[in-house]
Amino acid sequence: MLMASALFSLYFVLLAISSTSTAMPGNFNREVDITWGNGRGKILNAGQLITLSLDKSSGSGFQSKNQYIYGRFDVQLKLIPGNSAGTVTTFYLSSQGQMHDEIDLEFLGNLSGDPYTLHTNVFTQGRGNREEQFKLWFDPTMDFHTYSILWNPKHIVFYVDGTPIREFKNMEAKGVAYPKRQAIRVYASLWAAEDWATRGGMVKADWSQAPFAAAFKGYEANGCVWPAAGGGATACSARGSSWMWQEFDATSLRRMRWVQRNYMIYNYCTDAKRFPQGMPPECSATP
Ligand SMILES: *[C@@H]1O[C@H](CO)[C@@H](O)[C@H](O)[C@H]1NC(C)=O
């Protein structure tokens, strides 16, 4: 009996140790692989910096070595300066396959002097169509800013410099699928989407400005690594990580509403003409 409980405590000590080790600031060499772009993506400064570049023949991208179920994922990103029309820089989570889950942050480029659009979406079991778009309250090409995705059993939250801009609640009780069974990887990319990115595709990329480049640093993946070391989702959620059971307090809600009032430029939940058969069920619960 004593033996069993000692082993049980040891098990949790080990879990705690393994979860703190994933909470250290990430080194790109250890955490990710550059997966495409034929040399256009580069890991620099001993793993502290990644630059992705894009020219007329290809973009580039990287993905996490680990897969995760739940976590908080942060990156600092400095976007393409000047004329970035027709380009898309992304930081997102995605599982594999047709019924995949995906949580997207995408930065849609623009002409010099015109603002970037931050485009967000949530796919659950293959179904997306949940776009919300924002302007930013700073020029994202001047400096690095932190963009984060939190995904836990209660909600998904998108953050800009620590300020929540969007929440997707777990509304399984209302029949809305929620990502919880499929392991994801973290992805980032820079690519051309001239047919839709800028002013709905009206403004194309100016390839005389190529190559375009975006820079990433300060990557932190605090997640439940999958498959879990102790076995199964229960062991993974037993880890006492602050992100795992985080919910909004009044301050977070107030800050998110402030951003949404002042900087939201598109919300699918208010776009009735897109959903003639009726609004998606989660919309009635969106604050
Ligand atoms: C680009 O700038 C124009 C003009 O300010 C704006 O209407 C548009 O939403 C901006 N963003 C994109 C991605 O087109």
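Residues numbered from 1 in each chain as written. Predicted model: local features only at pLDDT ≥ 70, side-chain atom pairs only at ≥ 80, totals over all residues. Heavy atoms only, no water.

An account of the confidence of the model for the protein chain is requested, with residue identities and associated values reported.
On average, residues of the protein chain score 89 in pLDDT, and 86% of them reach the 70 mark or higher. Counting contacts from residues 1–23, a segment whose pLDDT is below 50, to residues more than four positions away or on other chains yields 14 contacts. (pLDDT = per-residue confidence, 0-100. Contact = heavy atoms within 4.5 Å.)

Break down the state of the cysteines for me, with residues and values.
Overall, the coordinates contain one disulfide when judged by the stated rule. One disulfide bridge connects Cys269 with Cys283, the sulfur atoms lying 2.0 Å from each other. With the S-S dihedral at roughly -80°, the linkage between Cys269 and Cys283 falls on the left-handed side. Taken together, the residues Cys269 in the segment after β15 (264–267) and Cys283 in the segment after β15 connect sequence positions 14 residues apart. Residue Cys269 is classed as buried on the basis of its relative accessible area, which comes to 14%. (Disulfide = S-S within 2.5 Å. Helix = DSSP H or I, 4+ residues; strand = E, 2+ residues; numbered from the N terminus. Buried < 20%, exposed > 50% of the residue type's maximum accessible area, 1.4 Å probe, protein only.)

Would you mind going over helix α4 (residues 250–263) in detail, with residue names and values included?
The end-to-end C-alpha separation of α4 is 20 Å, in line with the 20 Å expected for 14 residues at 1.5 Å each. All buried positions along α4 are accounted for by Ser252, Met256, Val259, Gln260 and Tyr263. With its buried residues spanning 105° around the axis, α4 presents them on a single face. Facing away from the buried side of α4 by over 90 degrees, the exposed positions are Ala250, Arg254 and Arg261. Where the residues of α4 are buried, they touch β9 (132–134), β12 (163–169) and β15. (Expected span 1.5 Å × (residues − 1). Arc of directions from axis to C-beta.)

Talk me through the sheet that holds strand β4 (residues 60–64); I want residue IDs and the actual numbers.
Strand-to-strand pairing in sheets goes through backbone hydrogen bonds, with the strands running parallel or antiparallel. The antiparallel open sheet is built from eight strands, whose spatial order is β1-β4-β13-β6-β7-β8-β9-β15. Whereas interior strands pair on both sides, the edge strands pair on one side only; in this sheet they are β1 (32–36) and β15. Geometrically, the sheet is characterised by an average inter-axis angle of 15° between neighbouring strands, direction not taken into account. (Pairing = 2+ DSSP bridges. Axes fitted to C-alpha atoms, helices over the stretch in contact; angles between N-to-C directions.)

Describe the pairing of strand β11 (residues 155–160), and please don't skip the residues or the numbers.
Burial runs high along β11: six of the six residues are buried. Alternating positions in β11 separate into two faces, His155, Val157 and Tyr159 on one and Ile156, Phe158 and Val160 on the other, with burial throughout. Taken together, the five bridges between strand β10 (residues 145–151) and β11 define a ladder with antiparallel strand orientation. Among the inter-strand pairings, Ile149 is bridged to a residue of β11, identified as Phe158. In textbook terms, the turn of a hairpin is the stretch between consecutive antiparallel strands, and for β10 and β11 this stretch comprises three residues. Pairing geometry for β11 and β12, over six bridges, is antiparallel. Bridging from a neighbouring strand, Val157 pairs with Glu167 of β12. With antiparallel pairing between neighbouring strands as the criterion, β11 and β12 make up a hairpin whose turn holds two residues, including Asp161 at a positive phi of roughly 45°.

Please provide a residue-by-residue account of the pattern of salt bridges, values included.
Within the structure shown, the criterion is met by eleven salt bridges. The salt bridge partner of Arg72 is Asp74, with a shortest N-O separation of 3.2 Å. One continuous salt-bridge network, built from bridges that share partners, spans Arg127, Arg130 and Glu282. (Salt bridge = Lys/Arg side-chain N within 4 Å of Asp/Glu carboxyl O.)

Outline the sheet that holds strand β2 (residues 41–44), listing residues and values.
With antiparallel pairing, seven strands are arranged side by side in an open sheet as β2-β3-β14-β5-β10-β11-β12. This sheet does not close on itself; its edge strands, each paired only once, are β2 and β12. Neighbour-to-neighbour, the strand axes of the sheet open up by a mean angle of 20°, direction not taken into account. Bridging between strand β5 (residues 67–78) and β10 involves seven bridges; their strand directions are antiparallel. Within β10, the residue paired with Val75 across the bridge is Tyr147.

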